[in-house]
Amino acid sequence: MDRDRLAAGLHTVERIPGPPSRTNASPRTDMLSRLKTFGARAALAGALALSASSAALAQGTLRIGMTASDIPLTTGQTDNGGEGMRFLGYTVYDGLINWDLSSAELASDLVPGLATSWAVDATDKTKWTFKLRPGVKFHDGSDFTADAVVWNLDKLLKADAPQYDPRQSAQGKTRIPAVASYRAVDPMTLEIVTKAPDATLPYQIAWIMMSSPAQWEKVGKSWDAFAKQPSGTGPWKLTLFAPRERAEMVPFKEYWDTNRVPKLDKLVLVPLPEANARVAALRSGQVDWIEAPAPDAVASLKGAGFTIVTNAYPHNWTWHLSRVEGSPWNDIRVRKAANLAIDRDGLKELLGGLAIPAKGFMPPGHQWFGHPSFDVKFDPDAAKKLMAEAGYSPAKPLKLKVAISASGSGQMQPLPMNEFVQQNLADVGIQVDYEVVEWNTLINIWRAGAKADISRGVSAINYSYFIQDPFTGFIRHLQSNFAPPNGTNWGYYSDPAMDKLFDQVRNTFDKTEQTKVLEKVHEKYVDDALFIMITHDVNPRAMSPKVKGFVQAQNWFQDFSKITIATAGR
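Residues numbered from 1 in each chain as written. Predicted model: local features only at pLDDT ≥ 70, side-chain atom pairs only at ≥ 80, totals over all residues. Heavy atoms only, no water.

Visitor: Please explain the sheet that holds strand β5 (residues 115–120) as it appears in this structure.
Guide: Strand pairing in a sheet is mediated by backbone hydrogen bonds. Such pairs are either parallel or antiparallel. Reading across the sheet, the four strands line up as β5-β6-β8-β7 and stay open at both edges, with antiparallel pairing between neighbours. The strands lining the two open edges of the sheet, one partner per strand, are β5 and β7 (179–186). Strand after strand, the sheet turns through a mean of 20° between neighbouring axes, direction not considered. Here five bridges tie strand β6 (residues 127–132) to strand β8 (residues 189–194), and the two strands are oriented antiparallel to one another. (Pairing = 2+ DSSP bridges. Helix = DSSP H or I, 4+ residues; strand = E, 2+ residues; numbered from the N terminus. Axes fitted to C-alpha atoms, helices over the stretch in contact; angles between N-to-C directions.)

Visitor: How do you make sense of the packing of helix α16 (residues 470–478) against helix α18 (residues 511–527) when you look at a structure like this?
Guide: Orientation of α16 relative to α18, taken along the N-to-C sense of each, is 45°, at an axis distance of 12 Å. Our classification of the angle between α16 and α18 gives oblique. Handedness of the crossing formed by α16 with α18: left-handed. Together, P470, G473, F474, H477 and L478 of α16 and Q514, L518, V521, H522 and Y525 of α18 make up the contact between the two elements. Looking at the contact of α16 with α18 residue by residue, the classes come out as six nonpolar, four polar and no charged. (Parallel < 35°, antiparallel > 145°, perpendicular 65-115°, else oblique. Left-handed = near helix turned anticlockwise from the far one by under 90°. Contact = heavy atoms within 4.5 Å. Nonpolar A, V, L, I, M, F, W, Y, C, P; charged D, E, K, R; others polar.)

Visitor: What am I meant to see in the pairing of strand β11 (residues 266–271) here?
Guide: Side chains on a regular strand alternate between the two faces of the sheet. In terms of residue burial, β11 counts as a mostly covered element, since five of its six residues are buried. The sheet contact formed by strand β2 (residues 61–66) and β11 spans six bridges and is parallel. Each bridged residue has a counterpart across the sheet, and for R63 the counterpart in β11 is V268. Pairing between strand β10 (residues 246–251) and β11: three bridges, direction antiparallel. Opposite E248, over in β11, you have V268 as the bridge partner. (Buried < 20%, exposed > 50% of the residue type's maximum accessible area, 1.4 Å probe, protein only.)

Visitor: Would you mind going over the environment of F471 with me for this structure?
Guide: Looking at where F471 falls in the secondary structure, it is placed in helix α16. Assessed through its relative accessible area of 1%, F471 is described here as buried. Counting along the chain gives 267 residues from F471 to Q204, while the straight-line C-alpha distance between them is 7.3 Å. Those residues within four positions of F471 in sequence are excluded, and the remaining contacts are T174, R175, P177, T200, Q204, R476 and F482.

Visitor: What am I meant to see in helix α14 (residues 414–426) here?
Guide: With 13 residues, α14 extends 18 Å from end C-alpha to end C-alpha; this agrees with the ideal 18 Å at 1.5 Å per step. Burial runs high along α14: 12 of the 13 residues are buried. Among all positions of α14, only P414, L415, P416, M417, N418, E419, F420, V421, Q422, Q423, N424 and L425 are buried. (Expected span 1.5 Å × (residues − 1).)

Visitor: Before we go on, may I ask you to explain the confidence of the model for the chain in this structure?
Guide: Parts of the model with low pLDDT should not have their predicted coordinates read in detail. Looking at the chain as a whole, the pLDDT averages 90, with 89% of positions reaching at least 70. Taken together, the stretch residues 19–29 has pLDDT below 50 and engages in 11 contacts with residues farther than four places along the chain or on a different chain. For the stretch residues 31–58, pLDDT sits under 50, and the model shows 40 contacts to residues farther than four places along the chain or on other chains. (pLDDT = per-residue confidence, 0-100.)

Visitor: Honestly, the packing of aromatic side chains in this entry has me stumped. Any pointers?
Guide: For any pair of aromatic rings, the description consists of the separation of the ring centres together with the inter-plane angle of the planes. Scanning the model with the defined rule gives 31 aromatic pairs in all. Centroid distance Y463 to Y465: 5.0 Å. Interplanar angle 35°. Geometry classified as tilted. You'll find Y463 and Y465 in the same group, each marked buried. Geometrically, the ring pair formed by F466 and W556 is tilted, given 6.2 Å between the ring centres and 45° between the ring planes. Highlighted residues: F466 in strand β18 (residues 460–466) and W556 in the loop between β21 (547–548) and β22 (564–565), separated in sequence by 90 residues. Here F466 matches W556 in class, with each residue buried. What links up through ring pairs into an aromatic cluster is the set F361, W368, W439, W446, Y463, Y465, F474, Y525 and F531. The positively charged end of K125 is found above the aromatic ring belonging to F509, 5.2 Å away from the centroid. Lying over the aromatic face of Y492, K451 brings its terminal NZ or CZ to 4.4 Å of the ring centre. (Phe/Tyr/Trp six-rings, centres within 6.5 Å; stacked < 30°, edge-to-face > 60°. Lys NZ or Arg CZ within 6 Å of the ring centre and 35° of its normal.)

Visitor: Explain unusual backbone geometry here, please?
Guide: Keep in mind that most residues, glycine aside, have a negative phi and that most peptide bonds are trans. Of note, the bond from P484 into P485 is cis; its omega dihedral lies within 30 degrees of zero at 5°. Structurally, the position occupied by P485 is in the loop between α16 and α17 (496–506). Positive phi is not limited to glycine here, since A292 has a value of about 45°. On the secondary structure map, A292 appears in the loop between β12 (289–291) and α10 (298–303).

Visitor: Would you mind going over the sheet that holds β2 with me for this structure?
Guide: Ordered in space as β9-β10-β11-β2-β12-β20-β13, the seven strands form an open sheet in which the pairing is mixed. Edge positions in the sheet fall to β9 (236–242) and β13 (307–309), since each has one partner strand and no second. Averaged over all adjacent pairs, the angle separating strand axes in this sheet is 20°, with direction ignored. Note: β9 against β10, six bridges, orientation antiparallel. Bridging from a neighbouring strand, L238 pairs with M249 of β10. Contacting β2, β12 and β20 (541–543), helix α9 (residues 275–283) runs over the sheet at an angle of about 170° to β12.

Visitor: Got a minute to help me understand the pattern of salt bridges in this structure?
Guide: A side chain of one charge can pair with a side chain of the opposite charge if their charged atoms are brought near each other. Overall, the coordinates contain 21 salt bridges when judged by the stated rule. R541 is the salt-bridge partner of E291, the closest N and O atoms lying 2.6 Å from each other. On the criterion of sequence distance, the pair formed by E291 in strand β12 and R541 in strand β20 is long-range, its members being 250 residues apart. Of the two residues, E291 and R541, both sit in the buried class. K401 is the salt-bridge partner of E435, the closest N and O atoms lying 3.9 Å from each other. (Salt bridge = Lys/Arg side-chain N within 4 Å of Asp/Glu carboxyl O.)

Below is the structure:
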């Protein structure tokens, strides 16, 4: 697989310098022009690349244009962020705990997967027991047991295990920091012991996918060979893996949940990182569905009979700030000024209305929002005043460098959006240069931390976050001992008061009481302006009217099992 170069270091695809002087064109007009330009050259190339492989597909075939530039890792613990899990995690594989993806109206919650139940010990809150689902088979026909779970945890956590895989470990280890030990009690019972009481363990475990030990043995104990012939327990089986070109899956007819055996004949994934290339492929009939259509194409797609599907989901689009010694973001005046400088309503207009302006780290109205005292709004005069107090002005700007991606899972339209933010910040005395990298490279930067050489001295990264649960939404970003390599506290933030709140979250097993603590956590996130809080996505997708039966869950992940392709229509 052509992935090693992504981990080698920061590979600059394009560098966007600070903004030039303003012209008479409005910011929105200028940004829309840029949005059209960014993908135009790639659109034709993308369409031509697809044309050779798009003829004479089965009637029940769904072809999806992803935002990723490569096929996500197929061995179990996917890369490419949430999009990787969406398309090659919860399709080919299952976790012990899954997400309920059946409703568009209700927020997703955890449901039994390969475990039928889980419970913490009443007298020892570090000890959890998982009862496993009997009769489950991997795609290769081997049995799913507690020993298989131990084997899969070892592949992520034990560097001396024969099946240890550094690539999967890089994706999965930081997802389960609570785990201290684990053992098979009997073939259908697993015990996990945490390092300390941790009520968030079930959310962590939901990230861990189960690969077949028997298949790994069969293909010669090679993860590269396994990637071409993977075996999970999920509703889909991978039949074709062509890096950077396509992946194909067919239904696993023996899937343990008969209600989720796919109705389609085939599911095809195509990497199309350029938004306009995705739109061109959809218009020409070379794909049936695209992630994140270009905002300025939405109206014309609707007019041409295509379906635009959106829904709220647990997402935010932020700048994650470095807090290492010497970082300009250590000054709360600068952090607050940057938050006050951004015209979020203007950004929403740029995106054709497909966004929810941020009022905090969580979306407005969220159950954990609480009552922050800092009002996240567009107030450039207040921002200029704060910057002046910090010693800066538009004539004497603060200069800094930020890493962003050209596309990627949850990243929305990162190039034009970041140029919009860049101009807003310039107006109050913050001059930003961007390092533009591939999405997987940005993920590598995020995992490595602000001090790592791969980060090349950037003082922030533009990163979209899954904020579905207390651990992924809050704890992993800012807990002191989760600084790399122990976790994804990219900026090395450390505050004993925040750590104390996180400990309270972990030790509060009653959800109502835990919510009260989480409100305090969010209030501190906002009042201390710990991130640049910009917007929330509405997860737009464009698809052919032939696509039937899709229910867009309020989640980063989606269920493709109910989808069919109509025989008539486009």
